[in-house]
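Structural characterization, general
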Amino acid sequence: MSNSQDKTFTLTNDQTGESYKLPVLDGTQGPSVVDVRKLYAETGHFTFDPSFTATGSCKSRITYIDGEKGILQHRGYKIEDLAEKSSFLEVAHTLLYGDLPTEKELAKFTKDITYHTMVHDQVNYFFRGFRRDAHPMAVMCGVVGALAAFYHDSLDIWDPEQREISAHRLIAKIPTLAAMTYKYSVGQPFMFPRNDLSFSENFLYMTFAVPPEPYKVNPVLARAMDRILILHADHEQNASTSTVRLAGSSQANPFACIAAGIASLWGPSHGGANQAVLEMLDQIGDKKNIPEFLERAKDKDDPFRLMGFGHRVYKNFDPRANVLKKSCDEVLEDLGIDDPRLELAMELERIALEDEYFVERKLFPNVDFYSGIILKAMGFPTSMFTVLFAVARTVGWVSQWKEMIEEPSLRIGRPRQLYTGPDARDFVEMKDRK
Ligand code: CMC
């Protein structure tokens, strides 16, 4: 980040005629930012940006997105290359430490992660307090937050070694907890992790294997799972990542911060969209009903939106969706699945992409449009889709949290507001209230 004194942004107060010069900061890629940190001290004004559409909340070296050009890079590497040529643990290493691992580094990182795949035995009993029909994301919010009650030896966020252990524990244990969540909901026994399998193979094994039967992981499904995890691993300062950073800025422990991220991810405008896509396709039911639902999506008085369409940042295409569309074809072909929902989804995509409303607003399928279809074909119930997103995004959350804690100028996040409530008024005694 450079802060050249000669690059400034001048702001003029039309009421007083006074001008203020604000520094302009340059990143390595992307638009420069106007540094407003001293704005209040110098002008008595705050900025107002309720949904953060024009606010950079931090500096970060992890992920870069160019929404106009459909670019997503992790540590400078293109997402298309990472999805095609690397594994999820290679991407995790890259996000966490800044570079693709060498063979030796990957072997060590794999060992560090697999060493932590089991959860404390007492966690099993924790599960029993939940209803079997609880939404898996509700269970995840609870059990991940509870990890802080089990791993007291890695809670000191100022100790780099403890931070590292917590990061490894979270990346390793969240897939185990996610699989346990599924097993609990279907009444099957929990499966212990198998450290001889790859990250994605082990996750499929813990989810779908049962003790009395041998389970052979389908390599096409393991590859598709790995790709889904890579594509969801990080996405810059989105709602859940910003939640993790804000929670962490108060120096809360990492397990609590990641639980906060899971809660934020759950919403249908964010990670919950992949579940919502499948529910929407079921609701539409038949190709002949598409025009009716498109009209509803355009109607401002109707809350219905086309789930899996549109993105806050990508305004031309979502590069993750392009990669996943290919994976989707591979998986369905391998499994020999002829899902009428896929045909419906493709028709919906075709019609929406030609529709003036969607074209004008640059609304096109995002990553969740395809991930839901693949996950369904792999045998995951819709309620597990967002949990899988959380398994992948944990790597991004942990990397962003660690980067923030290691920043020497860390301060608690504390936005201000535009107050629109009542003016100051006198207290009214009960007997005089009307
Ligand atoms: N269906 C119909 N209209 C839409 C949709 C949609 N899916 N998305 C946006 N619009 C319209 C919106 O009504 C607005 O129209 P107008 O300008 O006439 O008022 C315009 O497009 C701009 O939308 P916005 O609400 O200002 O956009 P946003 O940046 O606030 O919201 C979004 C982004 C992703 C929340 C939204 O597009 C949406 O709700 N999509 C469906 C949910 C979804 O698929 N979410 C997953 C996002 S990708 C995974 C992730 O990163 O979490």
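Below: a short report on this structure.

Rules behind the numbers
Residues numbered from 1 in each chain as written. Predicted model: local features only at pLDDT ≥ 70, side-chain atom pairs only at ≥ 80, totals over all residues. Heavy atoms only, no water. 1 Å grid on protein atoms, 1.4 Å probe; cavity = no way out; pocket = protein on both sides within 12 Å on 5 of 7 lines; lining within 4 Å. Points joined across faces, edges and corners; volume = space filled by probe spheres on them. Helix = DSSP H or I, 4+ residues; strand = E, 2+ residues; numbered from the N terminus. Nonpolar A, V, L, I, M, F, W, Y, C, P; charged D, E, K, R; others polar. Near = heavy atom within 4 Å. Polar contact = N/O pair within 3.5 Å; in protein donor to acceptor, adjacent residues only side chain to side chain. Areas by Shrake-Rupley, 256 points an atom, 1.4 Å probe, with all protein chains shown as cover. Phe/Tyr/Trp six-rings, centres within 6.5 Å; stacked < 30°, edge-to-face > 60°. Buried < 20%, exposed > 50% of the residue type's maximum accessible area, 1.4 Å probe, protein only. Lys NZ or Arg CZ within 6 Å of the ring centre and 35° of its normal. Pairing = 2+ DSSP bridges. Contact = heavy atoms within 4.5 Å.

This next bit is on empty space enclosed by the protein. Summed over all chains, the structure comprises 1 cavity of 30 Å³ or more. As a volume, the largest cavity reaches approximately 30 Å³. What lines the largest cavity is Arg131, Arg132, Ala134, Val139, Thr181, Tyr184 and Ser185. Counting residues per element, the lining of the largest cavity draws most heavily on helix α7 (residues 160-186), at 3 residues. Considering only residue class, the lining of the largest cavity consists of 3 nonpolar, 2 polar and 2 charged.

In the vicinity of the ligand, 21 residues are found, and the nearest of them are His270, Arg305, Leu306, Gly308 and Arg312. Ser269 is positioned with one of its backbone polar atoms (N or O) 3.3 Å from a nitrogen atom of the ligand. Here an oxygen atom of the ligand sits 2.8 Å away from a polar atom, N or O, in the side chain of Arg305. Expressed as a share of its isolated accessible area of 940 Å², the protein-covered part of the ligand is 76%. Residue classes in the shell around the ligand are distributed as 8 nonpolar, 7 polar and 6 charged.

Quick look at the packing of aromatic side chains now. Counted according to the given criterion, the structure contains 16 aromatic pairs. Relative to Phe46, the ring of Tyr40 has its centre 4.4 Å away and its plane inclined at 15°; by these criteria the two rings are stacked. Tyr40 sits in the partly exposed class, given a relative accessible area of 45%. Look at Phe309 and Phe358: their rings are 6.0 Å apart centre to centre, the planes differ by 70°, and that puts the pair in the edge-to-face class. Of this pair, Phe309 sits in the loop between α13 (290-298) and α14 (319-335) while Phe358 sits in helix α16 (residues 356-360), placing them 49 residues apart in sequence. Taken individually, Phe309 and Phe358 each receive the classification buried, so the pair is uniform in this respect. Following the ring pairs from residue to residue traces out a cluster consisting of Phe309, Tyr357, Phe358, Phe369 and Tyr370. Seen from the ring of Tyr184, Arg132 lies directly overhead, with NZ or CZ sitting 4.1 Å from the centre. Arg194 extends its terminal NZ or CZ atom over the ring of Tyr205, reaching a point 5.1 Å from the ring centre.

Bringing the pairing of strand β5 (residues 71-74) into the picture now. Where strand β4 (residues 63-66) and β5 come together, 4 bridges link them in antiparallel fashion. If you follow Thr63 over to β5, its bridge partner there is His74. The hairpin formed by β4 and β5 contains 4 residues between the paired strands, and Gly70 there has a positive phi angle of roughly 70°. Where β5 and strand β6 (residues 77-78) come together, 2 bridges link them in antiparallel fashion. Across the sheet, residue Gln73 finds its bridge partner in β6, namely Lys78. Count of turn residues in the β5/β6 antiparallel hairpin: 2 residues, of which Arg75 carries a positive phi of about 50°.

To continue, consider the side chain of Asn366. Along the chain, the position of Asn366 falls in the loop between α16 and α17 (367-378). Here the side chain of Asn366 touches Asp368 through a polar contact of 3.0 Å, landing on its backbone nitrogen. What Asn366 contacts, discounting residues up to four positions off in sequence, is Gly308, Phe309, Gly310, Asp318 and Ala321.

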